[in-house]
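Chain residues, written in single-letter form:
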Amino acid sequence: MQFLARFSLKNPAAILILSILLLGVGVFSFQTLKTDLLPDIEAPQLSVTVIYPGASPGDVDNKVTTVLEKEFKGLEDLDSMTSQSMESVSRIQLTYPFGHDMEQASQQVNEIFSKVSLPEDITTSVDRFSFGAIPVVSMALFPVGEGPVDEWVQNELKPELQKIEGVNSVGISAVPQQFLRLEVNKQQALQNGVGLNAIKEAIQSSYFSFPAGTVDTESIVIPVKVSEKLSTLEQIEAIRFTSPVTGGTVQLGDLATFEEVNEKSEYFRYNMKDSVSLLINKKQNANTVEVVERVFEALDTYTDKIEYVTTFDQAEGIQLSISELVEKGLFGALFASLAVLLFLRNIRATLIAIISIPLSLLIAAIFLKWLGYTLNIMSLAGMAVAVGRVVDDSIIVIENVYRKIRLQPNGNRSELTYAGTKQMISPILSSTLTSIVVFMPLGLVGGITGAFFLPFALTVVIALLASLVVAVTVIPVLSRFSFKRVKDTPEKEGRYVRGYEKTLRWSLNHKWISIGIAIVLLVVALIPVPSLGFVFLPNEKQKLISAEVNLPASTPLEASNELSIKLEERLMEQEESYPKVFAAIGTYDYMTSSAKANRLQFFVELAEDVDIDQAIPEIEGEFAEIAERIQPEAVISVMEMNTSGPPSNNTIDIDLFASDSNRLTEAASQVEQYLTERSDLKYVTNNMQEKQAQWTVELDASKVRETGVSPFQVLGLISEQTQPIQVGPYELNGENREIEITYDRELSSQEELENLQLFTQQGPIALKEIAEVKQEDVVTQIQKLDERVFARISAQIIGNDTFGVSAEVKEAVQELDLPEGVSFEAGGGSDETAQTLQDLLVAIVIAIGLVYLTMLIFFGKARLPFVILTSLLFVPIGAVVGLVLANEPLSMSAMIGFLMLVGIVVTNAIVLVDRVNQNREEGKPIREALVEAGKTRIRPILMTAFATVAALLPLAFSTPEGGLISKGLAVVVIGGLTTSTLLTLLFVPVMYEIAFYRSIRKERAAQK
């Protein structure tokens, strides 16, 4: 490092040009960094979806889910496996340890699919999840004027948006489906023995195209093809059938009629206005803000056709978070500058010192871009937190250089500058390295938590390393040319220095009293710790409410829509409180990979003056009142809208296991009722689905053989009675049209099902002659955890005492009188919070060990690092008081603050002890060396601490947009640094004398 200082002073022009270049490249890097709300982290999870058309939940579980679970349980490093078996859909979630090779995991799952025996007509998909895959923008589209825009949106707008650079996919929903419906008269079809499948086969067989060989002519070979094609609706209506009942022929047009259908399978509305839903996903490495801006630019070119309202805009959240953190960072830099000016009382010295702030942070931006990181709230929080710390090394160097030049105004400027810098290289190098090594154990914090905080730690480390280099290169050069006119005035001791000297001498003369006072302060400060509570991340209130209404599983879409309209009307009556209301009915459920006609979703934006804690019960009560009149069995859930990001982990989960589904349902209801009654829990959910009636047709094997009927014949007969049959796309009258066949009347009773006619060789027979139809109550969803059927009742904890509430709930559930055969396991976010807390405490202990090792290398004596580390004893005093005053709980953010303090606090002690060692090398006694070091170093120590505190003040008052990590960390660092700095100046000298008491005895003996 001395070489760098000497080189810089000999080549000042090169250093200044290099600095200007780094500033320019840094500004360019900062402006071109890809911006995202959060680090793009891939969760170690795979979602396996299998579509098994027409299968009941029981069949899906037996033929698909259970088969796959047996294969998946042997996967390498698999942590846990959950599954849901629903009608026609099996969904299995596989969770691995964080850091597992998910590409390899996907390949292993696909290999299992290639080997395992599953039903033939299934479709499968294996999906991975990352936070970068969250949709970047969604919106509601409306036509301008009266005409519909559905077809234009689907055929023109969607392809146009897909061409935008960075767009991965465009989702359009709530668009009416247009097709031709062939409606068959059920009674006439039955009289003639013609079913829907027979009609489908007749239509498909009328479209024939097949090669018939070739003909050789004298010069060429001509291929021959035989084809038949129906090109008009009239030709389809003219298709004739032979009736198995009458033996005569019947024309399709006599049995059925065509009609144009424009039908919605889902509804989406904004403030009671029908709309089309648009969802945009970006590519993995695309810039979120740029992609969203391009989408809006494209939409704005069609203002003559559509209007739009955004329901979710990730770019807006990113820009708000970034602007919040940038603003706090700039204010922090300003406050740090004022703090330096207050102590130095020299504008030039202040400007030189603070040059390290932009230079260090922009160098960090260069490395972030080079390493492929994005500009997100975590990396920006790292920059904001580093603002106060990156100026410390420069302050220490410039203060020492300024003092030397003032004491020797006629000396050689270059030599004095070099001497002042050289003298401080050891303390700033050791202090900066100790600040850096504390972040190394952060890698021990596993899981998604550690990955989220990695960009934060990396940004701080790079900025600190850059500040060290700046302090020994750029700062000496600028000092050399700036301090040309320094008055030769004797250094005056300020009042605070004289007061400090008296207090220090008293403390050294009354060591055990000083130690006792310090210990009492520490014990008193630790008293309120249990009342602080511990949360993973503090819950921040939003202005968005998410509501969901689940109706009985058999509820048709139109009935769901009717209820939704009533609920929306009630919300719109209070438009001043709920200015934006989005409603989605029957939309695709990404959790179950299926559309649910019985599900209603609402997203409600609150006015600024509306309290969300009051709005949630009001909306829930109004929804319940309306639903009670129309759909009494509706299940209503209203909660605060979850924002994307690392999990808050402020949850409790109770998992129940039983082989008897009825007992499991009963136990789940008991636990749900208990959790709902607790005032410290909210948003209680129960994943046990309601049962619904099911008709089961049990075939009599002997009668089936006698009549020659196959089970597939029975299946085909019943299927065409219960659901439309898709024929396929055909070109009719010059247009490509989808054709659907259905009866004019639905199957309405069990008796009608039993009397369905089957045509056999012996003649027509009723279904009830070869089968028994039973009505059963069956679950609509079978859920398993690691192959065991389970129920999960979850709730979010109100307040900050995550551990305390979790322990109480576990104990209370254990005392509930649950049905026999039901066992339970309690867990949830509190478990991960406890593990994270344990990891962080281990990280702090290891950080202290690394700091000790670093100082041992620099000082070469085992006692000196121990003396310096005693300064850490008083970190909790100010940190806990700060948390109490700010009403902040202990959280992940606060714990990172404690980790940072390990590196920051010892910096002051290092600067003090290094001066003591210099004095002792000059021959001064230990007592005088301590007093002189304290008087000399008090100003840079107070200056660096005050600059760090001042820089963090804006973050301590940050809003939720920038407060994911900033607020708790800032409060802890401000409080802990304040008290530890003041006590370090007194306690470290006391501990130094105790550590070197033998040397002091020898000095006193020599004096006598």
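Residues numbered from 1 in each chain as written. Predicted model: local features only at pLDDT ≥ 70, side-chain atom pairs only at ≥ 80, totals over all residues. Heavy atoms only, no water.

The name an unreviewed UniProt entry assigns to the chain is Efflux RND transporter permease subunit, from the organism Marinicrinis sediminis.

Before going further, it helps to spend a moment on the packing of aromatic side chains. Going through the model one piece at a time under the given rule, you end up with 10 aromatic pairs. Ring centres of Tyr-992 and Phe-996 lie 4.7 Å apart, and the angle between their planes is 25°; on these two criteria the pair is classed as stacked. Comparing Tyr-992 with Phe-996 shows no difference in burial state: the two are buried. Grouped by ring-pair contacts, the aromatic residues Phe-142, Tyr-270 and Phe-582 constitute a single cluster. (Phe/Tyr/Trp six-rings, centres within 6.5 Å; stacked < 30°, edge-to-face > 60°. Buried < 20%, exposed > 50% of the residue type's maximum accessible area, 1.4 Å probe, protein only.)

Our focus in this paragraph is the sheet that holds strand S5 (residues 137-143). On the basis of which strands lie adjacent, the open sheet formed by four strands has the order S6-S15-S5-S16 and antiparallel pairing. In the strand order of this sheet, the two ends are held by strand S6 (167-173) and strand S16 (306-313), each with one partner. Ignoring which end each strand starts from, the neighbouring axes of this sheet average 25° apart. Pairing analysis gives six bridges linking S6 to strand S15 (residues 276-282), with the strands arranged antiparallel. In the strand pairing of S15, Val-167 is matched with Lys-282. (Pairing = 2+ DSSP bridges. Helix = DSSP H or I, 4+ residues; strand = E, 2+ residues; numbered from the N terminus. Axes fitted to C-alpha atoms, helices over the stretch in contact; angles between N-to-C directions.)

Turning our attention to the nonpolar core. What tends to happen in soluble globular proteins is that the nonpolar side chains get buried as a cluster. In terms of nonpolar packing, the biggest core is built from 178 residues, with Leu-161, Leu-278, Ile-280, Phe-456 and Tyr-992 touching the most fellow members. In this view, Leu-278 contacts Val-137, Ser-138, Met-139, Leu-141, Leu-161, Val-170, Gly-171, Ile-172 and Leu-299; residues no more than four positions away in its chain are not counted. Counting residues in each nonpolar core, the second largest holds 32 residues, with Ala-615, Ala-627, Ala-634 and Met-639 among its members. (Core = buried A, V, L, I, M, F, W, Y, C linked by side-chain atoms within 4.5 Å. Contact = heavy atoms within 4.5 Å.)

Within this structure, the stated rule accounts for 25 salt bridges. With a shortest N-O distance of 3.9 Å, Glu-787 and Lys-73 are connected by a salt bridge. Taken together, the positions of Glu-787 in the loop between strand S31 (781-785) and strand S32 (788-797) and Lys-73 in the loop between helix H3 (57-72) and strand S2 (80-86) put the pair 714 residues apart, joining distant regions of the chain. The class of Glu-787 is partly exposed, set by a relative accessible area of 32%. A salt bridge links Arg-745 to Glu-752; the shortest N-O distance between them is 3.2 Å. (Salt bridge = Lys/Arg side-chain N within 4 Å of Asp/Glu carboxyl O.)

This part is about helix H10 (residues 288-300). With 13 residues, H10 should cover 18 Å at 1.5 Å per step; its first-to-last C-alpha distance of 18 Å lies within 8% of that length. Within the sequence span of H10, burial applies to Thr-288, Val-289, Val-291, Val-292, Val-295, Phe-296, Ala-298 and Leu-299. Regarding H10, its N-cap is Asn-287, as a side-chain oxygen of that residue lies 3.1 Å from the backbone nitrogen of Val-289 further along. (Expected span 1.5 Å × (residues − 1). Polar contact = N/O pair within 3.5 Å; in protein donor to acceptor, adjacent residues only side chain to side chain.)

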